[in-house]
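Understanding the architecture of this molecule
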Amino acid sequence: MMESNNLSRRTFVKKIAVASPAIMIIPSTALGREGNRSPSDKLNIAGIGVGGKGSSDIRDVSTENIVALCDVDDNHAAGTFERFPRAKKYKDFRIMLDEMDKEIDAVVVSTPDHTHAVASMRVIKQNKHLFCQKPLAHSIYETRMVTEAARKSKVQTQMGNQGHSSNEIRKLCEWIEDDAIGVIREVFAWSDRPVGGDPWSMFDVVSRPTDTPPIPATLDWDLWLGPVKYRPYHPCYAPTKWRSWLDFGTGAIGDMGCHILDPAFWALNLGQPTYVEATTTHWEPEISSETYPRAAIVRYQFPARGNRPSIHLTWFDGRLKPPIPEILESGDPLGGNGAMYIGEKGVILHGSHGAGNLRMYPESLAQDYKQPAQTIPRVKGGSDSHAQDWVRACKDGNPASSNFEYGGPLTEMVLLGVLAMRVKDRRLYWDPETMQIEGNDEANAIIHPTFREGWSL
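Residues numbered from 1 in each chain as written. Predicted model: local features only at pLDDT ≥ 70, side-chain atom pairs only at ≥ 80, totals over all residues. Heavy atoms only, no water.

1. Observations concerning the sheet that holds strand β9 (residues 296–302)
Strands sit in the order β13-β12-β11-β7-β10-β9-β8-β14-β15 across an open sheet of 9 strands; the sheet is mixed. Where the open sheet ends on each side, the last strands, each with one partner, are β13 (359–361) and β15 (436–437). Seen against the sheet, helix α15 (residues 404–422) touches β8 (275–280), β9, β10 (311–317), β14 (428–431) and β15 and runs at an angle of roughly 130° to β9. (Pairing = 2+ DSSP bridges. Helix = DSSP H or I, 4+ residues; strand = E, 2+ residues; numbered from the N terminus. Contact = heavy atoms within 4.5 Å. Axes fitted to C-alpha atoms, helices over the stretch in contact; angles between N-to-C directions.)

2. Here we look at the environment of His138
Relative to the elements of secondary structure, His138 occurs in the loop between β5 (129–132) and α6 (140–153). On the basis of relative accessible area, His138 is assigned to the buried category, the value being 16%. Residues His138 and Phe248, spaced 110 residues apart in sequence, show a C-alpha to C-alpha distance of 7.6 Å. Once you skip the residues sitting within four places of it in the chain, His138 turns out to touch Asp113, His114, Leu246, Asp247, Phe248, Gly249, Thr250 and Leu415. Polar contacts involving the side chain of His138 include one to the main-chain carbonyl oxygen of Leu246, which spans 2.9 Å. A polar atom in the side chain of His138 sits 2.9 Å from the backbone oxygen of Gly249. (Buried < 20%, exposed > 50% of the residue type's maximum accessible area, 1.4 Å probe, protein only. Polar contact = N/O pair within 3.5 Å; in protein donor to acceptor, adjacent residues only side chain to side chain.)

3. Remarks on the sheet that holds strand β3 (residues 88–90)
With parallel pairing, the 6 strands of this open sheet are ordered in space as β3-β2-β1-β4-β5-β6. Two strands bound the open sheet, and with one partner strand each, they are β3 and β6 (157–159). Taken over all neighbouring pairs, the strand axes of this sheet differ in orientation by 15° on average, direction set aside. Looking at chain direction, β5 and β6 are connected through 3 bridges and run parallel. By the bridge assignment for β6, Cys132 is matched with Met159.

4. With respect to the pairing of β14
Only one face of β14 is buried: it carries Leu428 and Trp430, and the other face, with Tyr429 and Asp431, is open. Bridging between β8 and β14 involves 2 bridges; their strand directions are antiparallel. Within the sheet, the bridge partner assigned to Val276 lies in β14 and is Leu428. As defined by bridge partners, β14 adjoins β15 across 2 bridges and the pair is classed as antiparallel. Following the sheet pairing, Asp431 is matched in β15 by Gln436. Taking the residues between adjacent antiparallel strands as the criterion, β14 and β15 are bridged by 4 residues, where Met435 takes a positive phi near 55°.

5. Observations regarding helix α5 (residues 116–125)
When you tally the buried positions in α5, you get 8 out of 10 residues, the bulk of the element. Within α5, burial applies to His116, Ala117, Val118, Ala119, Ser120, Met121, Val123 and Ile124. Those residues of α5 that are buried lie in contact with β1 (44–48), α4 (93–99), β4 (106–109), β5, α6 and α15. Looking one or two places after α5, you find Asn127, whose phi comes out positive at around 60°.

6. Structural notes on helix α7 (residues 167–177)
Turning to α7, its buried residues number three or more, namely Ile169, Arg170, Leu172, Cys173, Glu174, Trp175 and Ile176. In this structure Ser166 caps α7, since a side-chain oxygen of it lies 3.2 Å from the backbone nitrogen of Ile169. Just beyond α7, the residue with positive phi is Asp179, at close to 65°.

7. Description of the pattern of salt bridges
Taken as a whole and assessed by the stated rule, the structure comprises 24 salt bridges. Between Arg308 and Glu177 there is a salt bridge, with its nearest N and O atoms 3.5 Å apart. Note that Arg308 is positioned in the loop between β9 and β10 and Glu177 in helix α7, a separation of 131 residues in sequence. Arg208 is paired through a salt bridge with Glu290; the nearest N and O atoms lie 2.9 Å apart. In this pair, Arg208 sits in the loop between β7 (184–191) and α8 (221–225) while Glu290 sits in the loop between α11 (285–288) and β9, placing the two residues 82 residues apart along the sequence. For Glu290, a relative accessible area of 11% corresponds to the buried category. (Salt bridge = Lys/Arg side-chain N within 4 Å of Asp/Glu carboxyl O.)

8. A short note on the packing of α6 against α15
Between α6 and α15, whose axes approach to 9 Å, the crossing angle comes to 175°. Between α6 and α15, the crossing angle belongs to the class labelled roughly antiparallel. Along the contact surface, α6 presents Ile140, Thr143, Arg144, Val146, Thr147, Ala150 and Arg151, while α15 presents Phe404, Glu405, Gly408, Thr411, Glu412, Leu415 and Leu416. When its residues are assigned to classes, the contact of α6 with α15 shows 6 nonpolar, 4 polar and 4 charged. (Parallel < 35°, antiparallel > 145°, perpendicular 65-115°, else oblique. Nonpolar A, V, L, I, M, F, W, Y, C, P; charged D, E, K, R; others polar.)

Structure (structure tokens):
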């Protein structure tokens, strides 16, 4: 979709039944219609990580043939297994992809963050279309490798930031292109996570647990760990509380940034920042070396691009919020998750997941504003059809809304915020060509992690 990081935003946006095991499953490639499938043909789809969010991801593509399901925890995935009784069941995605290589057309990856890349790369190497939950990977290096592999393979991809298919995010892009609030030099974004609510309510665990409860009989713990260094099983990691641990998740910004920062990344054509820095609530090394903080502030500086000036973007999480401009002093709430664009003539606010609850201030500006023409094609069904947009792409060959050419760079930008939180109180100067932080070995080691023996990209 994007031939160069230097494309203007306007140019970029314009480019943009279940089978029984007893029956032979015929893949689309065997029908001689590679790249020219009839829209009525059904894909043969497999799922990797089908409990939790993976359950709804598989449900969203159940218009197609769900032929195989893989999860390391039979109990966590039980609901999905029951819903698709004829799909073949696996614990190891590598075995599934090898045994069913000729039968699977496309794969949905909804595992915890730390296994996104190893699963996705295996899918791409076997030339299967791929839908992967956000963030695209656990590290910047993994993200870049998966993005490049997808580009070379020509498979159809989609990242699971469903708001990118919404009508609201397209309207925001059109407003900003139309100079609705004037020149924008500052953006604020915030999330109420990680404070409170499962799976974030694990802050009674302040460091790595020392007790070693038995591994549930339904769980293959070694496969759950995948490429990361071995540690004993504990329920504070799996199946739901992994997001807060450095080895497994990417914290609040990694989880919500691909939703909340997506509109700014697209509408302002942000690209990659010059530098990023963060301050957090962590102060004890034992804790900060294991988990993400209760709250953080991350500051990005983006260079000027085309006719747009440099932009300062600040992220707040843990229920911290930005200062409220005078124009909003009437008490209009910012909400638990969202973003705010400060322009010379006014302010734009929106919520999470693709610029929902989009609005403009002052009210007089909004009332007098003449809506611009729709220059960006809409996704039929909007954000509710994000997965179906990928299904459509697999069939007609036209890229999905958040394919990896877009989702990859967005994830890299978000993960730079994660990096700044882990190497906090330092300004990190980023070179996207070399994927290195200038003069910081600690940060560079996090960018390119070491995999456990037996695992690789």
